[in-house]
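As a plain string of letters, each chain reads:
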Protein chains: 2
Amino acid sequence: MGARAGTVDQRLVRGARTRRTIARRAADMASVEGLNGLSIGRLATDLGLSKSGVQTLFGTKERLQVAAVESARETFLDAVVRPASEAPRGVARLRALIERWIAYVEAPVFPGGCFWAANLAEFDGRPGEVRDVLFGYHRDWRALIAGELREAVRAGEIAEPDVELAAFQIVAVLLAANTGLRLGGDGGADVDMARRVVDGFLTPPG
Amino acid sequence: MGARAGTVDQRLVRGARTRRTIARRAADMASVEGLNGLSIGRLATDLGLSKSGVQTLFGTKERLQVAAVESARETFLDAVVRPASEAPRGVARLRALIERWIAYVEAPVFPGGCFWAANLAEFDGRPGEVRDVLFGYHRDWRALIAGELREAVRAGEIAEPDVELAAFQIVAVLLAANTGLRLGGDGGADVDMARRVVDGFLTPPG
């Protein structure tokens, strides 16, 4: 019985690992094609798995889409939020978050650039679980920026009278910079502009 | 021969009219599903036309997508740019453009809200004619805002030191407001924030 439980455990571990691999690949694909462009068949072919195996792990396309968003969220936390959280709170952490974010779309971590930029417009008018997780994490990002701005105000580093408005603007210009980058050409100019907008918020007055 | 030429003319007129109707419907659909979600078959069914008829008028899906963008551009000019151009140049016209733009996404003119917001992310990484027209018109919009800002500076109405940066920010926060609106809930809050950002640029200093 101990041996049998061990076999089951190993299968569960392998299943969980395969699930993570598929979800990660799905997130990469969705950054280019959008979450609606995901195809269980194509994912299976790409990863050398059987279509029925992928179907067993995720069930519906919606479950796969949600798993892709959750995977993208983990990737985003690893690339942007966790490394920046080593910087002291307030302006230093904000600068780290913004620079990590720019690297995340410049490098880029996802082949299609910002995962959220690639998918928000596709789901903004489609109520459901995919939209809920997608926009939930997008709101978390804005709230994170707002929270650090608040911290910077509390510490007397900046004198921002409206932290929510500043966070709204910062998130908006970063998304616009991502669009500029995806186009190539003078996309770098849009990144510079986004940086200058952020600098405007993070520089102490006078 | 005169009669025959007349018949040909009428056919051309009918063809052009049908083409416009199809392109307009395609733009509506693409504002919700994206330009890649367009289907000649579904368009034909929606409009009570034969699939082969639609195919004859547009040829490829790419031609249909370009026609949808051109149609969206006309709709945008009618809804936003032309009415606003009745206002005197500078701050008055900028305010008219922004209010018309907000009405265009609040009403909304396209069922999916801003046509550009719905499609820029889908095409930013796909070089080709669709991307070229889509981003060409998007750049025109930013250039229009920048041009009026420049006019406002020239007339001494505002003292904006960097017109390109201001236009970049205005366009970015309007797109963010559109996203907020599509989500429902407190989307109106994002529109208010976009308005306040614009006001910040249009208010004379001191």
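Residues numbered from 1 in each chain as written. Chains lettered and ligands numbered in written order. Predicted model: local features only at pLDDT ≥ 70, side-chain atom pairs only at ≥ 80, totals over all residues.

J.: Help me out: how do you make sense of the overall build of chain A in this one?
T.: If you tally the helices and strands in chain A, you get 9 helices and 0 strands. Tracing chain A from N to C terminus, the helices and strands come up as α-α-α-α-α-α-α-α-α. Across its three principal directions, the C-alpha atoms of chain A cover 70 × 45 × 30 Å. Every one of the 206 residues in chain A was classed for burial, and the buried ones make up 42%. When contacts within chain A are restricted to residue pairs at least 6 apart in sequence, long-range pairs at least 24 apart make up 63% of them. (Helix = DSSP H or I, 4+ residues; strand = E, 2+ residues; numbered from the N terminus. Buried ≥ 20, exposed ≤ 12 C-beta atoms within 10 Å, placed from the backbone. Contact = placed C-beta atoms within 7 Å.)

J.: I tried to follow unusual backbone geometry on my own but got confused; where do I start?
T.: Trans is the common state for peptide bonds, and a negative phi is the common state for residues other than glycine. For the peptide bond that leads from Ala107 of chain A to Pro108 of chain A, omega is -20 degrees, which places it in the cis range. Residue position: Pro108 of chain A is located in the loop between helix H5 (91-106) and helix H6 (115-123).

J.: Before we go on, may I ask you to explain the relation of the copies chain A and chain B in this structure?
T.: Here the second copy of the chain follows from the first by a rotation about an axis and a shift along it. Mapping chain A onto chain B is achieved by rotating through 180 degrees and translating by 0.0 Å along the same axis, at an RMSD of 0.0 Å. A rotation of that kind, with that shift, is consistent with a two-fold axis. No C-alpha of chain A lies nearer the rotation axis than that of Ala172 of chain A, which sits 2.7 Å from it. (Least-squares fit on C-alpha atoms with pLDDT ≥ 70 in both.)

J.: Looking at this structure, how should I read the interface of chain A and chain B?
T.: How large an interface is tends to be reported as the accessible area lost when its parts come together. Listed per partner, the contact involves 26 residues of chain A and 26 residues of chain B. Counting only elements with at least two residues in the side of chain A that touches chain B, the list comes to H6, helix H8 (163-183) and helix H9 (187-202) of chain A. No other element matches the 11 residues that H8 of chain A contributes to the side of chain A that touches chain B. A breakdown of the residues in the side of chain A that touches chain B according to their chemical character gives 16 nonpolar, 5 polar and 5 charged. (Nonpolar A, V, L, I, M, F, W, Y, C, P; charged D, E, K, R; others polar.)

J.: Looking at this structure, I do not really get the environment of Asp124 of chain B. What am I missing?
T.: Summarising the element assignment, Asp124 of chain B is placed in the loop between helix H6 (115-123) and helix H7 (129-154). Filtering out sequence-adjacent residues up to four positions away, Asp124 of chain B remains in contact with Thr179, Arg182 and Leu183 of chain A.

J.: Help me understand the packing of helix H7 (residues 129-154) of chain A against H8 of chain A, please; the structure alone is not making it clear to me.
T.: The angle between the axes and the distance between the axes are what describe a pair of packed helices. Residue and element names in this part refer to chain A. For the pair H7 and H8, interaxial distance at closest approach is 9 Å and the crossing angle is 130 degrees. By the angle class used here, H7 and H8 are oblique. Considering the relative orientation of H7 and H8, their crossing is right-handed. Side by side, H7 and H8 meet where Trp141, Arg142, Ile145, Ala146, Leu149, Arg150 and Val153 of the first sit next to Val163, Glu164, Ala166, Ala167, Phe168, Ile170 and Val171 of the second. Of the residues that constitute the contact of H7 with H8, the class distribution is 11 nonpolar, no polar and 3 charged. (Axes fitted to C-alpha atoms, helices over the stretch in contact; angles between N-to-C directions. Parallel < 35°, antiparallel > 145°, perpendicular 65-115°, else oblique. Left-handed = near helix turned anticlockwise from the far one by under 90°.)

J.: So what exactly am I meant to see when it comes to H7 of chain A here?
T.: Given 3.6 residues to a turn, an α-helix orients residues that are three or four positions apart in the same direction. Residue and element names in this part refer to chain A. In this model H7 runs 36 Å from its N-terminal to its C-terminal C-alpha over 26 residues, within 8% of the 38 Å that 1.5 Å per residue would give. For H7, the complete set of buried residues consists of Val130, Arg131, Leu134, Phe135, Trp141, Ile145, Glu148, Leu149 and Ala152. Positive phi appears at Gly156, one or two residues downstream of H7, with a value of about 75 degrees. (Expected span 1.5 Å × (residues − 1).)

J.: Looking at this model, I keep getting lost on the packing of helix H5 (residues 91-106) of chain B against H7 of chain B. Mind explaining?
T.: Residues and elements named next belong to chain B. Where H5 meets H7, the closest approach of the two axes is 8 Å, and the angle between their N-to-C directions is 150 degrees. Judged by the angle between their axes, H5 and H7 are roughly antiparallel. On H7, the residues that touch Val91, Arg93, Leu94 and Leu97 of H5 are Ile145, Glu148, Leu149 and Ala152. Of the residues assigned to the contact of H5 with H7, the class counts are 6 nonpolar, no polar and 2 charged.

J.: Before we go on, may I ask you to explain the environment of Asp190 of chain A in this structure?
T.: Relative to the helices and strands, Asp190 of chain A resides in helix H9. On the neighbour-count criterion, Asp190 of chain A (21 C-beta atoms within 10 Å) is buried. C-alpha of Asp190 of chain A to C-alpha of Pro205 of chain A: the two residues are 15 residues apart in sequence and 24 Å apart in space. Look past the residues within four positions of Asp190 of chain A in its chain and what remains in contact with it is Ala176, Ala177 and Gly180 of chain A together with Phe168 of chain B.

J.: I would appreciate a short explanation of the environment of Arg89 of chain B in the present structure.
T.: Looking at the element boundaries, Arg89 of chain B is found in the loop between helix H4 (61-84) and H5. The contact partners of Arg89 of chain B, leaving out residues within four places of it in the chain, are Glu148 and Glu151 of chain B.

J.: Explain the confidence of the model for chain A to me, please; I cannot follow it from the model alone.
T.: A low pLDDT means the predicted coordinates there should not be read in detail. Per-residue pLDDT for chain A averages 92, and the proportion of residues at 70 or more is 97%. Scored as a complex, the prediction yields pTM 0.93 and ipTM 0.92. (pLDDT = per-residue confidence, 0-100.)

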